[in-house]
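# Fold and contact review
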Amino acid sequence: MRVTARRVLRCGVGLMMGTATAAVELLFTLLAGVALLPVAAWPAGRRAVLRPILAGARILAELERGRLRMWLDLRVTPAYEDVRVLRYIACHWALGVLGGVVMLTAAVGLAYGTFGVYGWLLLDGIRNPGSLVLGSLGGLFLVFLAVEGIFGVAGLEGKLARHFLGPRHQAELERRIAELSASRAAVVDAVNDERRRIERDLHDGVQQRLVALGMLLGRARRSQDADRRDRLLGQAHDESRRALDELREVAWRIYPTTLDEAGLRAALETVADRASVPVGVVCELTEEPEQAVATVAYFVVCEAVTNAVKHAAPTRISVAVRVEEERMYVSVQDDGCGGANAAGSGLFGLARRVAALDGSLSVVSPPGGPTLVAAELPCG
């Protein structure tokens, strides 16, 4: 409910701003038409007049793209042509006027819907309670229609912008194919990096423990002294326990079983419990996300926390996970020394994991800190 109200408010502000820009676009369209009319049959003059007109249209289009991105959460790839952007400006002013009409309707409905609160103070509401109630119900119904109209106009805004400002269908398909090819290659590289990391962990950790264990057992077998043999067997027992702990660590880093058994929230709390510094976890999830999304979110948090503890010497780490409008937002912030390298092997591998799901990863780590690792994942 809170998310929906916030979305309605943001869309409403975006439509009101669109109404303001529509007035500018209408004036711009009229002036452009007046300027082009005398030189319509003169190619050289038409080109000379079109140059500043197209420049102005591009400026207005960029303002519209910023408004759509900030208030309506609509992202349009800047792949438009000059003629198409001029057509967009010539068409959009009408949609801006429609948005203004919808917002005016919402204001009128809100005024009538809340009339029951103050109407009896201003008018003869006590003598005509039926009219007061009917007017309030009609106003609330008008507000409902206006809210639906806000979402409808916002959808039309996106379709119009994508039609004129976005890439053409063939170009969009080519871009998507290139993205999928790049993400597939990134997944292959990430899998190879993970395989090499597992081999390195096994070789440098578990294998060395097992070699030491074998040597201790061999020395114990060859020893003739019972006390010395008991000490060697005790050392071998301790070494086997350490080898088992390291093997569990390797298995945990490959894939945590808690993620399947108890979900993402429990897996993140386990990461916090295992860290050597205090880690606060805020997980705002109404339902468990898809397995692929949960796995990537887990590894983003796990790798970011591990890097912070290892390199930044923080005193506290904050982890936040929330889902909003079919997008999952994951952030890990620490108060360490900063200077994290986004191109490093760990964070670069995370970026490839996130990109494989059509997500994005950003790292902000100025010298002196703090460091913020944020990921955005589609989860619709």
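Here's what I pulled together on the structure shown here. Please read these numbers as outputs of a predicted model, since none were measured by experiment. All residue numbers refer to position in the chain's written sequence, counted from 1. pLDDT decides what is reported in this predicted model: residues at 70 or higher carry local features, side-chain atom pairs at 80 or more are listed and counted, and totals for whole chains, interfaces and linings draw on all residues regardless. Hydrogens and waters are ignored; side-chain quantities use all the structure's heavy atoms.

Glancing now at the overall build of the chain. Strands here mean DSSP runs of E at least two residues long; helices mean DSSP runs of H or I at least four residues long; both are numbered from the N terminus. Tallying secondary structure elements over the chain gives 11 helices and five strands in all. Residue burial in the chain is summarised as follows: out of 380 residues, 35% are buried. Across the chain, every contact between residues at least 6 apart in sequence was considered, and the portion connecting residues at least 24 apart equals 71%. Partly exposed describes any residue whose relative accessible area lies between the buried limit of under 20% and the exposed limit of over 50%, with all areas from a 1.4 Å probe on protein chains only and scaled to the type maximum. What makes two residues a contact is simply this: any of their non-hydrogen atoms within 4.5 Å.

Below, the discussion takes up the side chain of threonine 371. Structurally, threonine 371 is set in strand β5 (residues 371-378). Overall, the relative accessible area of 6% leaves threonine 371 in the buried class. N or O atoms within 3.5 Å of each other form a polar contact, as long as, within protein, one can give a hydrogen and the other can take it, and as long as residues adjacent in sequence are counted only when both atoms are side-chain atoms. At a separation of 2.7 Å, a polar atom in the side chain of threonine 371 contacts the side chain of serine 365. Once residues lying within four places of it in the same chain are set aside, the contact partners of threonine 371 are Val332, Gln333, Asp334, Gly338, Ala340, Val364 and Ser365.

As a further point, take the pairing of β5. Strands qualify as paired when DSSP identifies two bridges or more between them. Pairing of strand β3 (residues 327-334) with β5 involves eight bridges; the strand directions are antiparallel. Its bridge partner being in β5, valine 332 is matched across the sheet by valine 373. The hairpin turn running from strand β4 (residues 360-364) into β5, its antiparallel successor, is six residues long, and glycine 368 in that turn takes a positive phi close to 95°.

For the rest of this paragraph, the subject is helix α3 (residues 82-113). The end-to-end C-alpha separation of α3 is 46 Å, in line with the 46 Å expected for 32 residues at 1.5 Å each. In the structure, α3 departs most strongly from a straight axis at histidine 92, where the bend amounts to approximately 30°. Helix span, as expected, comes to 1.5 Å for every residue beyond the first. Axes are fitted to the seven residues ending at a residue and to the seven starting at it; the angle between these axes is taken as the bend at that residue.

Moving on to the packing of helix α2 (residues 43-71) against α3. Axis definition: a line fitted to C-alpha atoms, limited for helices to the stretch in contact. Angles are taken between N-to-C directions and run from 0 to 180 degrees. Close contact between α2 and α3 brings their axes to 9 Å; oriented N to C, the two are set at 65°. Judged by the twist between their axes, the crossing of α2 over α3 is left-handed. Contacts between α2 and α3 involve Leu50, Ile53, Leu54, Ala57, Arg58, Leu60, Ala61, Glu64, Arg67 and Leu68 on the former and, on the latter, Asp82, Val85, Leu86, Tyr88, Ile89 and His92. Residue composition of the contact of α2 with α3, grouped by class: 11 nonpolar, one polar and four charged. Take the far helix as your reference; a near helix turned counterclockwise from it by less than a right angle gives a left-handed crossing, and one turned clockwise gives a right-handed crossing. The classification used treats Ala, Val, Leu, Ile, Met, Phe, Trp, Tyr, Cys and Pro as nonpolar, Asp, Glu, Lys and Arg as charged, and all other residues, Gly among them, as polar.

Moving on: the nonpolar core. Buried Ala, Val, Leu, Ile, Met, Phe, Trp, Tyr and Cys residues form a nonpolar core when they are joined through side-chain atoms within 4.5 Å. Leu264, Tyr298, Val305, Val321 and Met328 are the most contacted members of the largest nonpolar core, which has 36 residues in total. Elements with a minimum of two residues in this core: α9 (264-274), β1 (279-284), α10 (291-312), β2 (317-324), β3, α11 (345-355) and β5. Residue contributions to this core peak at 12 residues, all from α10. If we ignore the near neighbours within four places in the chain, the residues touching valine 321 are Leu264, Leu268, Val282, Cys283, Glu284, Leu285, Met328, Tyr329 and Val330. Counting residues in each nonpolar core, the second largest holds 26 residues, with Ile53, Ala61, Ile150 and Val153 among its members.

In this section: the pattern of salt bridges. By definition here, a salt bridge exists when the distance from a side-chain nitrogen of Lys or Arg to a carboxyl oxygen of Asp or Glu is within 4 Å. Taken as a whole, this structure holds nine salt bridges when the rule is applied. Across the pair aspartate 73 and arginine 75 runs a salt bridge, and its minimum N-O distance is 2.6 Å. Residue classification places arginine 75 among the exposed positions, given a relative accessible area of 54%. Among the ionic pairs, glutamate 324 bridges to arginine 322, the shortest N-O distance being 3.5 Å. We classify glutamate 324 as buried; its relative accessible area is 16%. Overall, the relative accessible area of 36% leaves arginine 322 in the partly exposed class. Each of the salt bridges in this network shares a partner with another, and the network as a whole consists of Arg6, Arg322 and Glu324.

Further remarks concern the environment of phenylalanine 28. Relative to the elements of secondary structure, phenylalanine 28 occurs in helix α1 (residues 2-36). For phenylalanine 28 and glycine 56, which are 28 residues apart along the polypeptide, the C-alpha to C-alpha distance reads 8.5 Å. If near-sequence neighbours (up to four positions away) are discounted, phenylalanine 28 is found in contact with Ile53, Gly56, Ala57, Leu60, Leu86 and Ile89.

Attention now moves to the environment of leucine 104. Its location among the elements puts leucine 104 in helix α3. The spatial distance from the C-alpha of leucine 104 to the C-alpha of alanine 146 is 8.7 Å, given a sequence separation of 42 residues.

Any pair of Phe, Tyr and Trp rings, taking the six-membered ring for Trp, is counted once the centres come within 6.5 Å. Such a pair is stacked with planes under 30 degrees apart, edge-to-face with planes over 60 apart, and tilted for the rest. Scanning all chains against the criterion turns up two aromatic pairs. Ring centres 5.2 Å apart and planes at 75° place the aromatic pair tyrosine 298 and phenylalanine 299 in the edge-to-face group. A residue is classified by how much of its surface remains accessible, and tyrosine 298, at 0% relative accessible area, is buried. On the basis of relative accessibility, which here comes to 9%, the residue phenylalanine 299 falls in the buried class.

Both β1 and β2 contribute to a ladder of six bridges, which runs parallel. Each residue of the ladder has a partner; that of cysteine 283, found in β2, is valine 321.

Before going further, it helps to spend a moment on α2. With 29 residues, α2 extends 40 Å from end C-alpha to end C-alpha; this agrees with the ideal 42 Å at 1.5 Å per step. The largest bend along α2 measures about 30° and falls at leucine 50, with the proline proline 52 one to four residues further on. Along α2, the residues that are buried comprise Gly45, Ile53, Leu54, Ala57, Leu60, Ala61, Glu64, Arg65, Gly66, Arg67 and Leu68.

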